[in-house]
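Per-entry structural report
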Amino acid sequence: MTSRQKSHAAFARAKQLIPGGVNSPARAFGAVGGEPIFFDRAEGAYLYDLDANRYIDYIGSWGPMILGHGHPKVVEALQAAIGKGTSFGAPTEAESQLAELVVEAMPSVEKVRFVNSGTEATMSAIRLARGYTGREMIVKFAGNYHGHADSLLVAAGSSAATLGVPNSPGVTAGTAKDTLVLKYNDPAALEAALAQHGKRIAGVIVEPVVGNMGCVTASTAFRTALRELTARYGALLIFDEVMTGFRVAYGGAQAVFGMTPDLTTLGKIIGGGLPVGAYGGRADIMDHVLPAGKVFQAGTLSGNPLAMAAGIATLRVLRDENPYPQLQRLSAGLAEGLESAARSAGIPCTVGQFNSMMTLFFNPEPVTDWDVASRSDTKRYARYFWGMIERGVYLPCSQYEALFVSAAHTDADIDATVAAARAVLAGLKESM
Ligand SMILES: *Cc1c(COP(=O)(O)O)cnc(C)c1O
């Protein structure tokens, strides 16, 4: 077995100082068991842990690193920015430059406000939807993740159209009851909920391609229902493109689907690996945000010059080099390779893939919603995960997270990954 002695020691120390030893639970390997790996550095498509083991990285910091690690243009932009000051708490031109790139990429976004994380973006977009409409309720979908704001940390109640219940201690029942949680890809459930509560619903927030229950795509019928029904009932349609923005296409999922949401939330890639989020949309809605309007939202480090520089450099490379066809080619090859590896091992599976987002579900059914996703064989996934780690492939530490291919991955990386998967999956069937 590969030595991870230094990671083990680092984790032991971290646990003394930080709850669970990590600053975000997705890093703790809770779903696959064992200890998290501590990293020293990253380069291109590779991660190097404290014990100098190398891994092909399919996490890309959970999405931001679409260009791979340490892209020269991003590093150069950061070096230039750092010499000029790391934070002013006052406006800079870089904020308008990044805003312009976002607005040009997404026609639905006429104005945009930068924040520091995806969580802040969705939280602020929800507040704006409520402030703009004067309504209180919001709709979300089971299996979609929108960060950890109270009103979005809500689970479905006992029947499909009942009011939400807190999904974490600390979220009050009062907050949760203003969030309806519906089944994803179910136009009838959305129609029924809006028919019942329509005039009270401020907004419907949705991942147009879900990464957070594994990779699941919104069906055409669901997408049509989202746009038509929100418009009919006067609720805002909020596309949470924190993951998909500049990932599934330069203009995000909305460009691929030809849709015009009222508000869009962004994060991850637009910070190029530094902490950034954003929310934007129609100018008449965005002008309700303080100081143009009355909906309060602020941030000491919002629009931070380093974060803006990394984001601008990343988006310019994506715009000018258009890696998306190449990402699609590599990802389709990986999807096919993983699926065939599982099938030749006699392991039931389906693959969800949308450009460079992908999940190998240990589940014989096509995964369209959380009910189906939750029937996946997570024990088998855990063994697959550790088998791949042993062979130098770093995958999501949960069946319910998408993997990401980056522009730094090569055909050789994909081939090596598929070969590793063949070996690991062949072993899994026999020992079941
Ligand atoms: C990651 C993510 C968030 C939360 O972003 P953070 O920066 O982690 O707060 C919100 N929505 C979606 C779709 C995400 O993938």
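Residues numbered from 1 in each chain as written. Predicted model: local features only at pLDDT ≥ 70, side-chain atom pairs only at ≥ 80, totals over all residues. Heavy atoms only, no water.

Concerning the overall build of the chain
The number of helices and strands found in the chain is 14 helices and 18 strands. Its C-alpha atoms give the chain principal-axis dimensions of about 60 × 55 × 45 Å. Here the chain holds 432 residues, and 55% of them are scored as buried. Taking as baseline every contact in the chain between residues at least 6 positions apart, the subset at least 24 positions apart corresponds to 72%. Of the roughly 17,700 Å² of accessible surface on the chain, 55% is carried by carbon and sulfur atoms. (Helix = DSSP H or I, 4+ residues; strand = E, 2+ residues; numbered from the N terminus. Buried < 20%, exposed > 50% of the residue type's maximum accessible area, 1.4 Å probe, protein only. Contact = heavy atoms within 4.5 Å. Areas by Shrake-Rupley, 256 points an atom, 1.4 Å probe, with all protein chains shown as cover.)

Brief notes about the pairing of strand 15 (residues 350–354)
Here strand 15 shows a clear split, with Thr350, Gly352 and Phe354 buried on one side and none of Val351 and Gln353 buried on the other. Here strand 15 runs beside strand 16 (residues 357–361); their pairing, made up of 5 bridges, is antiparallel. Paired with glutamine 353 across the strands is methionine 358, a residue of strand 16. Taking the residues that link successive antiparallel strands as the turn, the strand 15-strand 16 hairpin has 2 residues, and the phi of asparagine 355 there is positive, at about 45°. (Pairing = 2+ DSSP bridges.)

Thoughts on the side chain of serine 7
Considering the arrangement of structural elements, one finds serine 7 in helix 1 (residues 5–17). Residue classification places serine 7 among the buried residues on the basis of a relative accessible area of 2%. When near neighbours in sequence (up to four residues on either side) are disregarded, serine 7 contacts Pro36, Ile37, Phe38, Leu50 and Asp51.

Topic: unusual backbone geometry
Of the consecutive residues leucine 290 and proline 291, the connecting peptide bond is found in the cis state with omega at 5°. Checked against the element boundaries, proline 291 lands in the loop between helix 9 (283–286) and helix 10 (305–321). You will see that tryptophan 62, though not glycine, has its phi angle at about 70°, which is positive. By the secondary structure assignment, tryptophan 62 is in the loop between strand 3 (54–57) and helix 2 (72–82). We note that lysine 268 has phi near 45°; this positive angle belongs to a residue other than glycine.

Here we look at the site of the ligand
Surrounding the ligand, one finds Ser117, Gly118, Thr119, Tyr145, His146, Gly147, Glu207, Asn212, Asp240, Val242, Met243 and Lys268. Residue lysine 268 places a side-chain N or O atom 2.6 Å away from an oxygen atom belonging to the ligand. For the ligand, whose accessible area on its own is 380 Å², the fraction buried by protein is 82%. Tallied by class, residues from the shell around the ligand come to 3 nonpolar, 6 polar and 3 charged. (Near = heavy atom within 4 Å. Polar contact = N/O pair within 3.5 Å; in protein donor to acceptor, adjacent residues only side chain to side chain. Nonpolar A, V, L, I, M, F, W, Y, C, P; charged D, E, K, R; others polar.)

Structural notes on the sheet that holds strand 18 (residues 403–404)
Strands in a sheet are paired, the pairing made by backbone hydrogen bonds, and the direction either parallel or antiparallel. Taken together, 3 strands build an open sheet; the order of strands is 15-16-18 and the sheet is antiparallel. Looking at the sheet topology across the chains shown, the edges are occupied by strand 15 and strand 18. Against the sheet, helix 11 (residues 324–344) makes contact with strand 15, strand 16 and strand 18, and its axis sits at roughly 175° relative to strand 15, the strand it touches most. (Axes fitted to C-alpha atoms, helices over the stretch in contact; angles between N-to-C directions.)

A short note on the nonpolar core
One finds Phe246, Leu315, Tyr384 and Leu425 to be the most contacted residues of the largest nonpolar core, which totals 75 residues. Ranked by residue count, the leading element in this core is helix 10, at 10 residues. Here this core spans two domains, since at least three of its residues come from each of domain 1 (5–66 + 323–430) and domain 2 (72–321). In this view, leucine 425 contacts Leu338, Ala341, Ala342, Ala345, Ile347, Leu360, Phe362 and Tyr384; residues no more than four positions away in its chain are not counted. (Core = buried A, V, L, I, M, F, W, Y, C linked by side-chain atoms within 4.5 Å. Domains from an automatic or database assignment.)

Examining the domain arrangement of the chain
Under the domain assignment used here, the chain contains domain 1 (5–66 + 323–430) and domain 2 (72–321). Measuring from the centre of the C-alpha atoms in domain 1 to the corresponding centre in domain 2 gives 26 Å. Of the residues lining the interface, 28 residues belong to domain 1; the matching set on domain 2 comes to 30 residues. Of the roughly 2,200 Å² buried where domain 1 meets domain 2, counting both sides, 66% is carbon and sulfur surface. When the buried area of domain 1 at its contact with domain 2 is split by residue, Tyr324, Phe354 and Met357 rank highest and sum to 30% of it. (Buried area = accessible area lost by both parts, 1.4 Å probe.)

Concerning helix 2
For helix 2, the set of buried residues is Val74, Ala77 and Ala81. Within helix 2, the buried residues cover an arc of 65° as seen down the axis, which keeps them to one side. Helix 2 presents Pro72, Glu76 and Gln79 as exposed residues on the side facing more than 90 degrees away from its buried surface. In this structure, the buried residues of helix 2 make contact with helix 10. (Arc of directions from axis to C-beta.)

What about the packing of helix 2 against helix 10?
When two helices pack together, you describe them by how their axes are tilted relative to each other and by the distance separating the axes. Between helix 2 and helix 10, the shortest axis-to-axis distance is 8 Å and the interhelical angle comes to 150°. On the basis of their axis angle, the class for helix 2 and helix 10 is roughly antiparallel. For the pair helix 2 and helix 10, the sense of crossing is right-handed. Only Pro305, Leu306, Ala309, Ala310, Ala313, Thr314, Val317 and Glu321 of helix 10 make contact with helix 2, whose side of the interface consists of Lys73, Val74, Ala77, Leu78, Ala81 and Ile82. Per-class residue counts for the contact of helix 2 with helix 10 are 11 nonpolar, 1 polar and 2 charged. (Parallel < 35°, antiparallel > 145°, perpendicular 65-115°, else oblique. Left-handed = near helix turned anticlockwise from the far one by under 90°.)

Looking at the packing of helix 6 (residues 187–197) against helix 7 (residues 220–233)
Close contact between helix 6 and helix 7 brings their axes to 9 Å; oriented N to C, the two are set at 10°. The orientation of helix 6 with respect to helix 7, classified from their angle, is roughly parallel. Every residue of helix 7 that contacts helix 6 at Pro187, Leu190, Glu191, Leu194 and Ala195 is listed here: Ala221, Phe222, Ala225, Leu226, Leu229, Thr230, Arg232 and Tyr233. Looking at side-chain class alone, the contact of helix 6 with helix 7 contains 10 nonpolar, 1 polar and 2 charged residues.

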